[in-house]
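Breakdown of the fold
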Amino acid sequence: MRNNRSGYLFILLSLAGVSVFLMLPYLDILLKSFSTGNEGVSIGLDNFKQILQNEAFRIATKNTVRFIAVCIPLLLILSLAISIYIYENPKLGSMVKTSFLIPMAIPVTSVVLMWRFLFDDNGILNGILCSLGFNTVSWMNGSAAFWILVGSYIWKNLGYNIILWLAALATIDPQVQSAAKLDGASGFQRLFRITLPSVKNGTFIVVVLAILNSFKVFREAYLVAGDYPHDSIYLTQHLFNNWFRELELNKLAAGAVLDSVILIILILVLQKCWKKGGTKL
Amino acid sequence: MAELKITNLCKTYEGTVDAVKDFNLEAKDGEFIVIVGPSGCGKSTTLRMIAGLEQPSAGSILLDGTSIDHLPPQKRDMAMIFQNYALYENMTAFENMAFPLKVRGVKKAEIASKVTAVAETLKISELLNRRPGALSGGEKQRVAMGRAIVRQPKLFLMDEPLSNLDAKMRLALREEIRQLQRRTGVTTIYVTHDQGEAMALADRVVVMDQGRIRQIGTPRELYSNPGDPFVASFFGNLPMNLWEDGDMICGVRPEDISLSKSFVQDWEKATLLTGYFNGMQWIGEVRCKEGRFTVCADWEMKQEQTIYMHCPEDKIHRWQQK
């Protein structure tokens with residue numbers, strides 16, 4: 001009993017922070033999403049109907065979903081493959097690991113500056129294309145923008161995910177790998193029967209973190225292309241930003257609630273998947 | 001079912017001393033070899049080199065007359081048992097034991113019959129559906145043994161398989177390992193730091209210290225004719241009493257010293273410093289003119305007691321000091 005009480009004491013501080021800055025504002029948003037103006041006159045689901053018919057909301061949602069659907073599997077598979085390669089070749093050492101982490105340490109503004117050098121209409125890439133006799137490409141004002149954003153996300157998050165996977169791989173007892181080798185398992189058999197099943201439990205947290213991090217690419221997109229970028233990289237965050245500036249607080253609230261519900265459902269589904277996999281294991 | 005021949009095996013780690021130096025051993029078909037030595041003596045490294053888990057710096061290993069130096073572990077046809085069991089946590093006991101057969105593409109029905117048969121001999125039939133997490137240490141090691149014998153490997157390698165178990169389980173499993181090896185007739189290399197285990201299990205014992213072999217022999221030979229003071233003091237339940245005599249090192253086992261509570265002509269007088277009962281006999285520490293000695297007898301030893309001791313000349317071991 002006493003242990004329980006001191007346990008609560010330990011979480012008190014962060015609980016207070018989370019309540020003041022996250023939970024209470026969320027409740028406020030929840031109320032606003034069902035009302036009009038700042039007065040709080042209840043109008044039921046009107047806000048939701050309105051934003052679901054909104055063209056900008058549709059484009060933004062579509063882009064965001066597409067971005068996550070492309071990036072997350074790509075990032076997970078790429079980082080897992082690289083981390084398994086590092087795990088199987090320990091002689092590569094920390095040099096390789098560190099080099100993958102460098103993008104994380106570069107501030108967003110520097111990245112954006114680099115983008116401008118590279119992808120501007122008169123930038124380095126177009127300069128190269130020009131000197132080779134090709135037509136220049138309007139990188140940031142075409143569908144290429146989406147893939148540039150994808151590349152930037154992968155580039156920035158790859159190292160972090162590799163470290164997470166390596167942490168999961170490090171929990172495998174090296175003697176178990178030795179035992180599998182002596183039992184006659186080939187490299188592939190060890191990968192699919194020993195290594196991958198062992199990191200399965202770590203996958204959930206890696207996926208959730210990757211999804212949450214995917215929302216951060218907005219910073220790059222915003223700093224490069226401003227409030228109204230090309231249609232292919234107009235994300236929900238752009239929309240919310242613009243609504244905020246135009247004081248469309250009730251639309252904003254409804255959109256936020258909708259997004260949070262989708263995210264919560266997504267996480268619950270993921271959790272359920274892993275729990276089921278866990279018992280089957 | 002194999003003969004193992006190891007010549008001049010060496011392992012040097014970069015920038016450190018030799019972990020293993022000039023290891024030579026010939027194990028006959030069906031022989032039970034125990035490599036014993038203090039921790040860090042290179043015995044586990046030697047075993048891992050035989051398994052192919054570690055690359056030797058020099059030397060060669062022959063299995064049935066063919067070199068296996070270039071073969072990866074999975075092609076060497078050896079089975080290994082580890083100190084921490086090294087079971088596959090995500091598989092049941094049955095699946096663990098089936099694994100070596102499964103990766104070889106053995107048919108399901110054959111796997112099932114083999115695993116059940118092995119489980120029966122190891123008395124773990126009831127545990128087959130459990131995962132390692134739900135097994136005790138002794139049960140885990142039984143499953144690991146089952147995984148090793150379910151296919152008939154050319155060689156058993158055992159790396160301190162009993163060290164994580166409690167004393168009672170250690171004795172029980174030690175006996176089972178011995179019977180298992182006799183029954184299957186598989187040549188076995190067993191590594192331990194426990195001289196008692198080495199004595200109880202081995203046909204021949206290899207004593208290692210600081211990367212080198214000190215002596216190879218049957219348990220009896222090592223006990224009665226130790227080649228140097230290190231081997232002498234390593235074997236025996238009680239430590240051998242050692243002292244210097246000129247340029248010789250002398251040693252006598254506590255059990256070879258005769259003791260008397262009353263005066264005997266020409267016997268040395270000594271005073272007991274401590275005495276305790278170990279369950280079989282009384283063990284004492286005495287101070288005598290050669291130094292501090294351990295002695296034993298079947299009568300009660302008390303502190304401060306005066307005793308008379310004697311050691312027949314032929315029981316004293318002598319080695320030239322280096």
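Not measured: the values here are computed from a predicted model. Per chain, the residues get numbers from 1 upward, laid out in the order the sequence is written. Working convention: letters from A go to chains and numbers from 1 go to ligands, in the order in which they are written. Where local features are concerned, this predicted model is filtered to residues with pLDDT of at least 70; where side-chain atom pairs are given and counted, the filter is 80 or more; whole-chain, interface and lining totals use all residues. Neither water nor hydrogens contribute to the side-chain values; these are computed over all heavy atoms in the structure.

Focus: the overall build of chain A
A run of DSSP states H or I qualifies as a helix once it reaches four residues; a run of E qualifies as a strand once it reaches two. Both are numbered from the N-terminal end. Broken down by element type, chain A carries 12 helices and two strands. The order of α-helices and β-strands along chain A, N terminus first, is α-β-β-α-α-α-α-α-α-α-α-α-α-α. Overall, chain A is about 75 × 70 × 30 Å in size when its C-alpha atoms are taken along their principal axes. Relative accessibility under 20% of the residue-type maximum defines a buried residue, over 50% an exposed one, and the middle range a partly exposed one, all with a 1.4 Å probe and only protein chains included. Taken over 281 residues, chain A has a buried fraction of 37%. Contacts in chain A between residues at least 24 apart in sequence constitute 69% of all its contacts with a sequence separation of at least 6. The Shrake-Rupley method, run with a 1.4 Å probe sphere, supplies the accessible areas, and residue values consider only the shown protein chains as cover. Counting only carbon and sulfur atoms, one obtains 69% of the accessible surface of chain A, whose full area is about 16,400 Å². Within chain A, one finds 23 positive and 15 negative side-chain charges whose respective centroids are separated by 14 Å. Contacts are assigned to residue pairs with any non-hydrogen atoms lying within 4.5 Å of each other. The charged-residue count follows a simple rule in which Lys and Arg add positive charge and Asp and Glu add negative charge, with His and chain termini not counted at all. Here the site of a charge means atom NZ of a Lys, CZ of an Arg, CG of an Asp or CD of a Glu.

Here's the deal with the overall build of chain B
Looking only at helices and strands, chain B features eight helices and 18 strands. A buried classification covers 50% of the 322 residues belonging to chain B. The contacts in chain B between residues at least 6 apart in sequence include a share of 65% that link residues at least 24 apart. Summed over all atoms, the accessible surface of chain B reaches about 15,200 Å², with 48% contributed by carbon and sulfur. In chain B, 41 positive and 42 negative side-chain charges are present, and the distance between their average locations comes to 6 Å.

Focus on the sheet that holds strand 2 (residues 18-27) of chain B
Adjacent strands of a sheet form backbone hydrogen bonds with each other and so pair up, either parallel or antiparallel. Residues and elements named next belong to chain B. Strand order in the open sheet formed by four strands is 2-1-4-5, with antiparallel pairing between adjacent strands. Sheet topology places strand 2 and strand 5 (66-67) at the edges, where each strand pairs with a single neighbour. Only strands that DSSP links by at least two bridges are regarded as paired with each other. Inspection of the sheet shows strand 4 (residues 58-63) paired to strand 5 by two bridges, in the antiparallel sense. Of the residues in strand 5, the one forming a bridge with L62 is S67. Axis lines are fitted to C-alpha atoms, over the contacting stretch for helices. Their N-to-C directions set the angle, which ranges from 0 to 180 degrees. Sheet strands touched by helix 1 (residues 43-51): strand 1 (4-12), strand 2 and strand 4. Its angle to strand 1, the strand with the most contacts, is close to 120 degrees.

Quick notes on the sheet that holds strand 10 (residues 212-217) of chain B
Residue and element names in this part refer to chain B. Spatially, the six strands line up as an open sheet ordered 6-7-8-3-9-10, and their pairing is mixed. With partners counted over all chains shown, the strands left at the sheet margins are strand 6 (78-81) and strand 10, one partner each. Taken over all neighbouring pairs, the strand axes of this sheet differ in orientation by 15 degrees on average, direction set aside. Sheet analysis places strand 6 next to strand 7 (residues 155-159), joined by four bridges and oriented parallel. Its bridge partner being in strand 7, M78 is matched across the sheet by L155. Contacts between helix 1 and the sheet are confined to strand 3 (32-36), strand 6, strand 7, strand 8 (187-192) and strand 9 (204-209), with strand 7 contributing the most and set at about 150 degrees to the helix.

Focus on the pattern of salt bridges
Residues and elements named next belong to chain B. For this document, the term salt bridge refers to a Lys or Arg side-chain nitrogen within 4 Å of an Asp or Glu carboxyl oxygen. Counting across every chain of the model gives 21 salt bridges over all chains. Put simply, R142 and E176 hold a salt bridge, and the shortest N to O gap is 2.6 Å. Pair noted here: R142 is in helix 4 (residues 137-149) and E176 is in helix 5 (residues 167-184), with a separation of 34 residues, a long-range link. One salt bridge connects R318 with E313, and the closest N-O pair in it is separated by 2.5 Å.

Digging into the packing of aromatic side chains
Each pair of aromatic rings is reported with the distance of its centres and the angle of its planes. Two rings from Phe, Tyr or Trp (for Trp, the six-membered ring) form a pair when their centres are within 6.5 Å of each other. A pair whose planes differ by under 30 degrees is stacked, one over 60 is edge-to-face, and the rest are tilted. Scanning the entire structure with this criterion turns up 14 aromatic pairs over all chains. Summarising the aromatic geometry, the rings of F67(A) and F146(A) are spaced 6.2 Å apart at their centres and angled 85 degrees between planes, so their arrangement reads as edge-to-face. Of this pair, F67(A) sits in helix 3 (residues 55-88) while F146(A) sits in helix 7 (residues 144-170); the two residues are 79 residues apart in sequence, bridging distant segments of the chain. Comparing F67(A) with F146(A), the two get one shared label, buried. Positioned over the ring face of F146(A) is R66(A), at 3.9 Å from the centre of the ring. The residue whose ring lies beneath R253(B) is Y223(B), and the NZ or CZ to ring-centre distance is 4.2 Å. In this scheme, Lys NZ or Arg CZ marks a charge over a ring once it lies within 6 Å of the ring centre and within 35 degrees of the ring normal.

Points about the packing of helix 2 (residues 93-102) of chain B against helix 4 of chain B
All names here are of chain B. Contact geometry for helix 2 and helix 4: axes closest at 7 Å, N-to-C directions at 25 degrees. One element, helix 2, and the other, helix 4, form an angle in the roughly parallel class. Judged by the sense of rotation from one axis to the other, the crossing of helix 2 with helix 4 is right-handed. The residues of helix 4 that touch helix 2, namely those facing A93, N96, M97 and P100, are V143, G146 and R147. Convention used here: angles under 35 degrees read as roughly parallel, angles over 145 as roughly antiparallel, angles from 65 to 115 as roughly perpendicular, and any remaining angle as oblique. It is the rotation of the near helix from the far one that decides the hand of a crossing: anticlockwise by less than a right angle makes it left-handed, clockwise makes it right-handed.

Some remarks on helix 11 (residues 236-245) of chain A
Residues and elements named next belong to chain A. The element helix 11 is largely enclosed, with a buried count of seven among its 10 residues. Taken together, the buried positions of helix 11 are T236, Q237, H238, L239, F240, N242 and W243. Taken from the residues just after helix 11, L247 is the one with a positive phi, measuring 60 degrees.

Notes on the interface of chain A and chain B
Contact with chain A, which involves 19 residues of that partner, is made by 23 residues of chain B. Contact between chain A and chain B buries roughly 1,800 Å² in total, counting both sides, with carbon and sulfur atoms accounting for 55%. For the interface between chain A and chain B, the tally reads two salt bridges. D183(A) is the partner of R147(B) in a salt bridge, and the nearest nitrogen-oxygen pair spans 3.5 Å. Polar contact is the term for a pair of N or O atoms within 3.5 Å; when the atoms are in protein, one must be able to donate a hydrogen and the other to accept it, and sequence-neighboring residues count only if both atoms are side-chain atoms. Counting across the interface, chain A meets chain B through eight residue pairs in polar contact (both at pLDDT 80 or more). Among the secondary structure elements, those contributing two or more residues to the side of chain A that touches chain B are helix 8 (174-182), helix 9 (187-214) and helix 12 (249-280) of chain A. In terms of residues, the side of chain A that touches chain B owes the most to one element, helix 8 of chain A, which gives seven residues. A 1.4 Å probe defines the accessible area here, and the buried area is the portion of it lost by two parts on being joined, summed over both.

Remarks on helix 8 of chain A
Among all positions in helix 8 of chain A, only V176(A), Q177(A), S178(A), A179(A), A180(A) and L182(A) are buried. Of the surrounding elements, those touching the buried residues of helix 8 of chain A are helix 3 and helix 9 of chain A together with helix 1, strand 6, helix 2 and helix 4 of chain B. The backbone nitrogen of Q175(A) lies 2.9 Å from a side-chain oxygen of the residue at the head of helix 8 of chain A, namely D173(A). Two residues or fewer after helix 8 of chain A comes G184(A), characterised by a positive phi angle close to 100 degrees.

Quick word on the domain arrangement of chain A
Residue and element names in this part refer to chain A. Parsing chain A into structural domains produces domain 1 (1-33) and domain 2 (45-108 + 143-280). Delimitation of the domains relies on an automatic or database domain assignment. The straight-line distance from the C-alpha centre of domain 1 to that of domain 2 is 27 Å. Between domain 1 and domain 2, the residue contacts involve five residues of the former and eight residues of the latter. For domain 1, the biggest contributors to the area lost against domain 2 are Y26, K32 and S33; these three give 76% of the whole. The interface formed by domain 1 and domain 2 holds zero salt bridges in total.

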